[in-house]
Amino acid sequence: MATPVVTKTAWKLQEIVAHASNVSSLVLGKASGRLLATGGDDCRVNLWSINKPNCIMSLTGHTSPVESVRLNTPEELIVAGSQSGSIRVWDLEAAKILRTLMGHKANICSLDFHPYGEFVASGSQDTNIKLWDIRRKGCVFRYRGHSQAVRCLRFSPDGKWLASAADDHTVKLWDLTAGKIMSEFPGHTGPVNVVEFHPNEYLLASGSSDRTIRFWDLEKFQVVSCIEGEPGPVRSVLFNPDGCCLYSGCQDSLRVYGWEPERCFDVVLVNWGKVADLAICNDQLIGVAFSQSSVSSYVVDLTRVTRTGTVAPDPMQDSLPPAQQPPNPSAPLRRIYERPGATGSEPQRVKQNSESERRSPSSEDERESQAEIQNAEDYNEIFQPKNSISRTPPRRSEPFPAPPEDDMATAKEAAKPSPAADVQFPVPKLEVLSRPPVVTSTPAPKAESAIIPATRNEPIGLKASDFLPAVKIPQQAELVDEDAMSQIRKGHDTMCVVLTSRHKNLDTVRAVWTTGDIKTSVDSAVAINDLSVVVDLLNIVNQKASLWKLDLCTTVLPQIEKLLQSKYESYVQTGCTSLKLILQRFLPLITDMLAAPPTVGVDISREESLWPQGSPGPHYCLPGSSKMRPLLLRDPEAAHQAAWPAGGSRAMGRREGPPETVPSSARWT
């Protein structure tokens, strides 16, 4: 009998280059778990289908980096906030800008859609929270109370409350109907990064940089439990759809928690770094993380993850009468949300702001925003079917296929049955994630480029990683600020020596430059034999094209050749700029010299330019110097007549003494 293939519990799905510059924010569609939106420093919002390499749509209009993005529940609208404080809402089905909302004075840190009404909440670094009416293009209420940046906003499942988390270490609960704060939850000792409502019960979870997750009872307004010992700052949490557990996206791992009492059900190693958002679909948890311009997606098979602390169900209990069956351990312990029966409900009364704050932006501002459909096939498949009436039920997305385990020993261990016990400490099984699986729709990994880009966060010619100790443990916890600073200080002296040497070389060149002798300063830079010094000097010379002289070109051209062959993009750019200026300034002279017809005799100025630098020159080439004769003589007969005119003596060519004593008629022989 064939041994069944054991698949991985967690694996990397794909990696894409999402923007031309760094990615600054992203969000997953919670309804499908298949739609991904990314915001970048290139001021664009791009939409992607998970596990597909091509961008579906690119939304433009922002003039500063996009700091926060959010999709509404049906995944038909998307809102994006920028560093300048502007907010834009797009209709994805119509592929057009819907609203532009202005009012914040600093960058937007958090956004959320109301689950039923057409409202958007925004939190900013200006410490204000604003509630916007998309239909009327204005701010309908402003909530004040935080003293630092508001990092996360979430509407309650019934749409009556709004929870906010901020850098001031507090969580606040706002009543949308009354327009005032309901309760404040202190207790965290660090900035609070994320809040999440339980899908059914009056329960709120908050995650902080103090490495704790706290659960708050929204009836008694007190803490239920606190989970400590997270490996790093908590940035992403998500309740299971049935509310049985909480998933925490930790550094390189997924942790599953219960809260009454607090306990860890399971830990799965995923190696996703700092995960930014989580979503659940088809019993699979999708996690996305970003680094610079790349976005990576990961999958965890939840069917192989322990999500409760109860014993595995016994089939004999199913045959018992209802009165004899044990009580359901997952029965709710507190009040359940009452969701409205129809959509479109809104807070009963909200305080209206002044006309200046509710003023609509100009239509010209909205015309600047565009929705560029870059993949029509995927766009029609995802968004257009919602507009058409179909007699067949919508097609459900299939779960992502799990790749087989690479290590057979790991597979055998995973195949062994393990009792599901109520674990009080985080010591469950660890699934080691090896190499990412090969999926047909995932583009092949690109080889590292031989060119180091000019726009980067490292000094040219130096790597900060060279001065840090090597990381040997893959699941090492995220460093706090103090640990990171202590490691950086270990290589501080070496870094200072390198930078001091470079500074001293530049001072030497600058001392010569101040004398006004540009040629000598360039010679001194070349003599140092450090291309970085040459690049710094050329960047100055390139600012003023009139500094370029022919004698300067003879020294610089060999260095330009080295720059063009460098692996640093900035070196290549400097070399190209210098070469362009040389050609712009001396191209007519070069063209004339190359196109000039041969003349009778010798062109003295031409031969002087061809003569090797530092040699005595062609003026002192006597008849005995036959090695240079082919280079200088174009017409042997004319040269013979010029060197020895009628009646002259050939012995003159053999005179000894300084060149000044040689007649001019005998110098060109």
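The preceding data block contains the structure.
As the structure is a computational prediction, the values presented were derived from the model and not from experiment.

Conventions used here
- Residues take numbers from 1 onward in each chain, read along the sequence in its written order.
- Selection of residues for local features in this predicted model requires a pLDDT of at least 70, selection of side-chain atom pairs for listing and counting requires 80 or more, and totals for whole chains, interfaces and linings are taken over all residues.
- Side-chain metrics rest on all non-hydrogen atoms present in the structure, leaving aside hydrogens and water.
- Here a helix means four or more residues in a row that DSSP labels H or I, a strand means two or more in a row labelled E, and each is numbered from the N terminus.
- Only protein chains enter the calculation, and the probe is 1.4 Å; a residue is then buried if its accessible area is under 20% of its type maximum, exposed if over 50%, and partly exposed in between.
- Contact criterion: two residues are considered in contact whenever any of their non-hydrogen atoms come within 4.5 Å of each other.
- Each accessible area is a Shrake-Rupley result for a 1.4 Å probe, and residues are judged covered by the shown protein chains and nothing else.
- At least two bridges found by DSSP between two strands is the condition for calling them paired.
- Note on geometry: axes are lines fitted to C-alpha atoms, helical ones only across the stretch in contact, with angles between N-to-C directions running from 0 to 180 degrees.
- Put simply, buried Ala, Val, Leu, Ile, Met, Phe, Trp, Tyr and Cys residues joined by side-chain atoms within 4.5 Å make one nonpolar core.
- Planes of paired rings set the category: under 30 degrees apart is stacked, over 60 is edge-to-face and the rest tilted, where pairs are Phe, Tyr or Trp rings (Trp by its six-membered ring) whose centres lie within 6.5 Å.
- An angle counts as roughly parallel when it lies under 35 degrees, as roughly antiparallel when it exceeds 145, as roughly perpendicular when it falls between 65 and 115, and as oblique in every other case.
- The sense of a crossing depends on the near helix, which, turned anticlockwise from the far helix by less than a right angle, makes the crossing left-handed and, turned clockwise, makes it right-handed.
- Residues adjacent in sequence count toward polar contacts only when both atoms are side-chain atoms; beyond that, a polar contact is any pair of N or O atoms within 3.5 Å, and within protein one must be able to donate a hydrogen and the other to accept it.

A separate point is the overall build of the protein. Across its full length, the protein holds 13 helices and 29 strands. Out of the 669 residues belonging to the protein, those deemed buried represent 45%. Sequence-distant contacts in the protein: of pairs separated by 6 or more residues, those separated by 24 or more amount to 57%. Split by element, the accessible area of the protein, about 35600 Å² in all, is 54% carbon and sulfur.

By definition, the strands of a sheet pair up through backbone hydrogen bonds, in either a parallel or an antiparallel sense. Taken in spatial order, the four strands make up an open sheet running E14-E15-E16-E17, and their pairing is antiparallel. Edge positions in the open sheet fall to strand E14 (150-155) and strand E17 (180-185), since each of these has one partner strand only. Between one strand axis and the next, the sheet turns through 20° on average, direction left out of account. For E14 and strand E15 (residues 161-166), the ladder comprises five bridges, and the chain directions are antiparallel. Each residue of the ladder has a partner; that of Phe155, found in E15, is Leu162.

When a protein is soluble and globular, its nonpolar side chains tend to lie buried together. Grouped together as the largest cluster of nonpolar side chains are 29 residues, with contacts concentrated most on Phe197, Leu204, Ile213, Phe215, Leu218 and Leu246. Broken down by secondary-structure element, the contributors of at least two residues to this core are E15, strand E16 (171-175), strand E18 (192-197), strand E19 (203-208), strand E20 (213-217), strand E22 (237-239), strand E24 (253-259) and strand E25 (262-269). No other element matches E18, which puts four residues into this core. When residues no more than four places from it in sequence are discounted, the contact partners of Ile213 are Ser206, Ser225, Cys226, Ile227, Glu230, Val234, Val237, Leu246, Ser248 and Tyr257. Residues Val522, Ala525, Cys553 and Leu581 belong to the second largest nonpolar core, which totals 22 residues.

Spatially, E6-E7-E8-E9 is the arrangement adopted by the four strands of the open sheet, whose pairing is antiparallel. Either end of the sheet is taken by a strand with one partner, and the two such strands are strand E6 (66-71) and strand E9 (96-101). If you compare each strand with its neighbour and ignore which way they point, the axes differ by 20° on average. Looking at chain direction, E6 and strand E7 (residues 77-82) are connected through five bridges and run antiparallel. Bridge pairing in E7 places Val66 opposite Ser82.

A few words now on the packing of aromatic side chains. As enumerated under the stated definition, the model contains nine aromatic pairs in all. On the basis of an interplanar angle of 85° and a centroid distance of 6.3 Å, the ring pair of Trp272 and Tyr298 is categorised as edge-to-face. Linking Trp272 in the loop between E25 and strand E26 (275-281) with Tyr298 in strand E28 (residues 294-301), this pair joins segments that are 26 residues apart in sequence. On the accessibility criterion, Trp272 (2% relative accessible area) is buried.

Time to look at the side chain of Asp167. The topology assignment puts Asp167 in the loop between E15 and E16. With a relative accessible area of 13%, Asp167 lands in the buried category. Excluding residues that lie within four positions of it along the chain, Asp167 makes contacts with Gln148, Ala149, Arg151 and Pro191.

Now for the packing of helix H7 (residues 531-541) against helix H8 (residues 550-564). Packing of H7 against H8 brings their axes to within 11 Å, and their N-to-C directions diverge by 120°. The angle between the axes of H7 and H8 places the two elements in the oblique class. Crossing angle aside, the handedness with which H7 passes H8 is left-handed. Contact residues: H7 offers Leu531, Val534, Val535, Leu538 and Val541, while H8 offers Leu552, Val556, Gln559, Lys562 and Leu563.

With respect to the secondary-structure elements, Arg263 resides in strand E25. Accessibility expressed as a relative area gives 15% for Arg263, which makes it buried. Sequence separation between Arg263 and Cys226 is 37 residues, and the spatial gap between their C-alpha atoms is 9.6 Å. At 2.6 Å, the side chain of Arg263 forms a polar contact with the backbone oxygen of Pro261.

On to the pairing of strand E12 (residues 129-133). Of all five residues in E12, five are buried; the element is thus mostly enclosed. Residues Ile129, Leu131 and Asp133 of E12 are buried on one face, and the alternating residues Lys130 and Trp132, pointing to the opposite face, are buried as well. As paired elements, strand E11 (residues 119-124) and E12 share five bridges and run antiparallel to each other. Across the sheet, the residue bridging to Val120 is Trp132, located in E12. Count of turn residues in the E11/E12 antiparallel hairpin: four residues, of which Thr127 carries a positive phi of about 75°. Pairing of E12 with strand E13 (residues 138-143), which is carried by five bridges, proceeds in the antiparallel orientation. Pairing of Lys130 across the sheet is with Arg142, part of E13. Counted between consecutive antiparallel strands, the loop separating E12 from E13 contains four residues, among which Lys137 sits at a positive phi close to 60°.

Moving on, we come to the environment of Asn107. Tracing the sequence through the fold places Asn107 in the loop between E9 and strand E10 (108-113). Note on Asn107: relative accessible area 13%, which makes it buried. Between the alpha carbons of Asn107 and Ser68 there is a distance of 9.0 Å; along the sequence they are 39 residues apart. If we skip the residues at most four places from it in the chain, Asn107 touches Glu67, Ser82, Gln83, Gly85, Ser124 and Gln125.

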